[in-house]
Amino acid sequence: MSLDPMPEAHEPASKDRLRLWLRLLKSTRLVEAELRENLRREFGATLPRFDVMAALSRFDGGLKMSALSGVLRVSNGNVTGIVDRLTDEGLVVRVPVPGDRRASLVQLTDKGRAEFSRQAAAHEAWVDHMLGSFDQGEAVALAARLDGLVGTLTEEEDT
């Protein structure tokens, strides 16, 4: 019988990193579920719709469907249905690309920008509330560490 009060201290670092991953995954899923519910309840919207509008908000000139799919890291098929519905609601438009009859750019309309602005403000407030136990310094430090991880993983993907 071991009397060691902290047996985990003797475990390899890989076990702690595995626990960290599982906690990150659980936290992400819980935050995402809350965001999905809030968007549905407050705006009758979905997280994928919000993500499409968020991506388009960063590109005033619009994006081709393939570029939009790339930004979101999803298939063209996933984006097409969302863009169709946003178009039907007057939140986005498809603009022909000069010199390429088959391509079009997707852009937010004025109505779409206004709607995204409302949703983005609420989204920021919800995230701020959910992550309120992190002070600003902790949030900045953790974000920097996660950015480093993303950079490392992206470099490995590219090799």
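Residues numbered from 1 in each chain as written. Predicted model: local features only at pLDDT ≥ 70, side-chain atom pairs only at ≥ 80, totals over all residues. Heavy atoms only, no water.

**With respect to the pairing of strand S3 (residues 100-108)**
Test applied: Only strands joined by at least two bridges in the DSSP assignment are considered to pair. By definition, any uninterrupted DSSP run of H or I lasting at least four residues is a helix, any uninterrupted run of E lasting at least two residues is a strand, and each is numbered from the N terminus.
The sheet contact formed by strand S1 (residues 63-64) and S3 spans 2 bridges and is antiparallel. Note on S3: the bridge partner recorded for leucine 63 is valine 106.

**Observations concerning the packing of aromatic side chains**
Worth spelling out the cut-off: In summary, the pairing rule links any two rings of Phe, Tyr or Trp, Trp by its six-membered ring, whose centres are within 6.5 Å, and it sorts them by plane angle into stacked for under 30 degrees, edge-to-face for over 60 and tilted for everything else. Accessibility here uses a 1.4 Å probe with only protein chains present; expressed as a share of the type maximum, an area under 20% marks a residue as buried, one over 50% as exposed, and anything in between as partly exposed.
Using the criterion set out here, one finds 2 aromatic pairs in the structure. Taken together, a centroid distance of 5.3 Å and an interplanar angle of 40° make the contact between phenylalanine 50 and phenylalanine 116 tilted. Of this pair, phenylalanine 50 sits in helix H2 (residues 47-57) while phenylalanine 116 sits in helix H5 (residues 110-130), and the two are 66 residues apart along the sequence. Classification of phenylalanine 50 as buried rests on a relative accessible area of 6%.

**Some words on the pairing of strand S2 (residues 92-97)**
As paired elements, S2 and S3 share 6 bridges and run antiparallel to each other. The residue of S3 that forms the bridge with proline 96 is serine 104. Between the antiparallel neighbours S2 and S3 lie 2 residues, among them glycine 99 with a positive phi of about 85°.

**Side note on the pattern of salt bridges**
We count it as follows: Salt bridges are defined as contacts in which a side-chain nitrogen from Lys or Arg sits within 4 Å of a carboxyl oxygen from Asp or Glu.
Under the definition given, this model contains 11 salt bridges. The partner of glutamate 37 in a salt bridge is arginine 41, and the shortest N-O contact between them spans 3.6 Å. Of this pair, glutamate 37 and arginine 41 both sit in helix H1 (residues 13-43), 4 residues apart, which is roughly one turn of the helix. Between arginine 41 and glutamate 42 there is a salt bridge, with the nearest N and O atoms lying 3.6 Å from each other. Look at arginine 41 and you get partly exposed, because its relative accessible area is 46%.

**Let's talk about the nonpolar core**
Heads up, the rule is: Buried residues of nine kinds, namely Ala, Val, Leu, Ile, Met, Phe, Trp, Tyr and Cys, make up a nonpolar core once their side-chain atoms join them within 4.5 Å. Working rule for contacts: check all heavy atoms of both residues, and any pair within 4.5 Å makes them a contact.
In terms of nonpolar packing, the biggest core is built from 25 residues, with Val52, Leu56, Leu68, Val83, Leu86 and Val92 touching the most fellow members. Those elements that place two or more of their residues in this core are H1, H2, helix H3 (65-72), helix H4 (76-88), S3 and H5. For this core, the element with the most residues is H2, which contributes 7 residues. With residues near it in sequence (within four places) discarded, valine 52 still touches Leu68, Leu72, Ile82, Val83 and Leu86.

**Section: the side chain of glutamate 115**
Within the fold, glutamate 115 resides in helix H5. Residue classification places glutamate 115 among the buried residues on the basis of a relative accessible area of 17%. Setting aside residues no more than four positions away along its own chain, glutamate 115 makes contact with Phe43, Met53 and Leu91.

**Topic: the sheet that holds S3**
Reading across from one edge, S1-S3-S2 is the order of the 3 strands in this open sheet, with antiparallel pairing throughout. Across the chains shown, the open sheet's two edge strands, defined by having one partner strand only, are S1 and S2.

**Describing the packing of H2 against H4**
This is how the line gets drawn: Simply put, an axis is a line fit to the C-alpha atoms, just over the touching stretch for a helix, and the angle between two N-to-C directions goes from 0 to 180 degrees. Orientation labels follow simple angle bins: below 35 degrees gives roughly parallel, above 145 gives roughly antiparallel, 65 to 115 gives roughly perpendicular, and whatever is left gives oblique.
Where H2 contacts H4, the axes come no closer than 10 Å and their chain directions differ by 80°. In terms of their interaxial angle, H2 and H4 are classed as roughly perpendicular. Seen from H2, the contacting residues are Pro48, Arg49, Val52 and Met53; seen from H4, they are Ile82, Val83, Arg85 and Leu86.

**With respect to the confidence of the model for the protein**
Short version of the rule: Values of pLDDT, which run from 0 to 100, indicate the predictor's confidence residue by residue.
Per-residue pLDDT for the protein has a mean of 92; in total, 94% of the residues score no lower than 70. Mean pLDDT across the elements of the protein bottoms out in S3 (90) and peaks in H5 (98).

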